[in-house]
Amino acid sequence: MPDNQLPLLNNRFTVNIDSSKPDCSRRDVAFSSISGISSTRHATARPSPLTKLLGFLCLDIKTNRIELRRAIDSDHFFFDWHQANLCRAKDLRTMTICMLDKHTDKPVNCWQLYNCWIEAWRGPNLDAMNAGPAYETLTLCYRSLCWLQDSDLK
C-alpha cells in the first residue's frame, strides 16, 4: 500500500487561529482533542415571499460547532475571546486544523473554519483527589468549512 494511502493518526494535529489584531499574525494552540468537524447545509421549510419572487432558495445560516479541549494554563486568551463575544459574535476569526504525517510532521489534511467564535467556555473540574492535568473545554462555532487542497498546504 502506498504511503499516501496509509491511515493517519488522530493524535497528530496542529491548530492555528488567525489573530483579529493587525500586529499579531497567528496563534498556535496545543489542544488535546477536537471533535465535531463537519459541514452541513439546510434549506428553510418556508422561503419568504421575497425570496420566492426573486427565485432564490432561502438558506438558513447554519452554525456548525466543534468542541476543543486543552490543558489549562495561566493564559486566558480563550476566556477573554469568549467574554468579548457574549452579547453577539463580533470578534470572528479563522482557524486552521491540520493533520500531520507521522514521519515528517508535514500537513497532510487541513481544514479552515471561517467566521469562528467561542459559544461556550468551561473551566476545569477541580478535584483535590485527582492530580491529573486540569482542562478547559471550548465550544467553538463557525459559519463555513473548507478542506484545503494539496496546493494550499505547501
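Conventions used here
- Residues numbered from 1 in each chain as written.
- Predicted model: local features only at pLDDT ≥ 70, side-chain atom pairs only at ≥ 80, totals over all residues.
- Heavy atoms only, no water.
- Helix = DSSP H or I, 4+ residues; strand = E, 2+ residues; numbered from the N terminus.
- Buried < 20%, exposed > 50% of the residue type's maximum accessible area, 1.4 Å probe, protein only.
- Contact = heavy atoms within 4.5 Å.
- Salt bridge = Lys/Arg side-chain N within 4 Å of Asp/Glu carboxyl O.
- Arc of directions from axis to C-beta.

Observations regarding the overall build of the protein chain
Stage number 1. Summing up its helical and strand segments, the protein chain has three helices and eight strands in all.
Stage number 2. When its helices and strands are written in sequence order, the protein chain yields β-β-β-α-β-α-β-β-β-β-α.
Stage number 3. Buried residues in the protein chain amount to 28% of all 154 residues.
Stage number 4. Considering only intrachain contacts with a sequence separation of at least 6, the fraction spanning at least 24 residues in the protein chain is 65%.

Description of the pattern of salt bridges
Stage number 1. Evaluated as defined, the whole model comprises six salt bridges.
Stage number 2. In this structure, Glu 119 and Arg 65 form a salt bridge, with 2.7 Å as the shortest nitrogen-oxygen distance. On the criterion of sequence distance, the pair formed by Glu 119 in strand β6 (residues 107-122) and Arg 65 in strand β4 (residues 64-71) is long-range, its members being 54 residues apart.
Stage number 3. Taking the relative accessible area as the measure of exposure, Glu 119 reaches 36% and is therefore partly exposed.
Stage number 4. Take Arg 65: its relative accessible area is 41%, and that puts it in the partly exposed class.
Stage number 5. For the salt bridge of Arg 122 with Glu 67, the shortest nitrogen-to-oxygen distance reads 2.9 Å. Of this pair, Arg 122 sits in strand β6 while Glu 67 sits in strand β4, and the two are 55 residues apart along the sequence.
Stage number 6. On the basis of relative accessible area, Arg 122 is assigned to the partly exposed category, the value being 36%.

Quick look at helix α2 (residues 77-84)
Stage number 1. Regarding α2, the residues found buried are Phe 77, Phe 78, Trp 81 and His 82. Seen from one end, α2 has its buried residues packed into an arc of 130°, which puts them on one side.

Section: the environment of Trp 147
Stage number 1. Considering the arrangement of structural elements, one finds Trp 147 in strand β8 (residues 144-147).
Stage number 2. Sequence separation of Trp 147 and Trp 111 is 36 residues, and the distance between their C-alpha atoms is 4.5 Å.
Stage number 3. Discounting residues that sit within four places of it in the chain, Trp 147 has contacts with Asn 109, Cys 110 and Trp 111.

These figures capture arrangement, not role.
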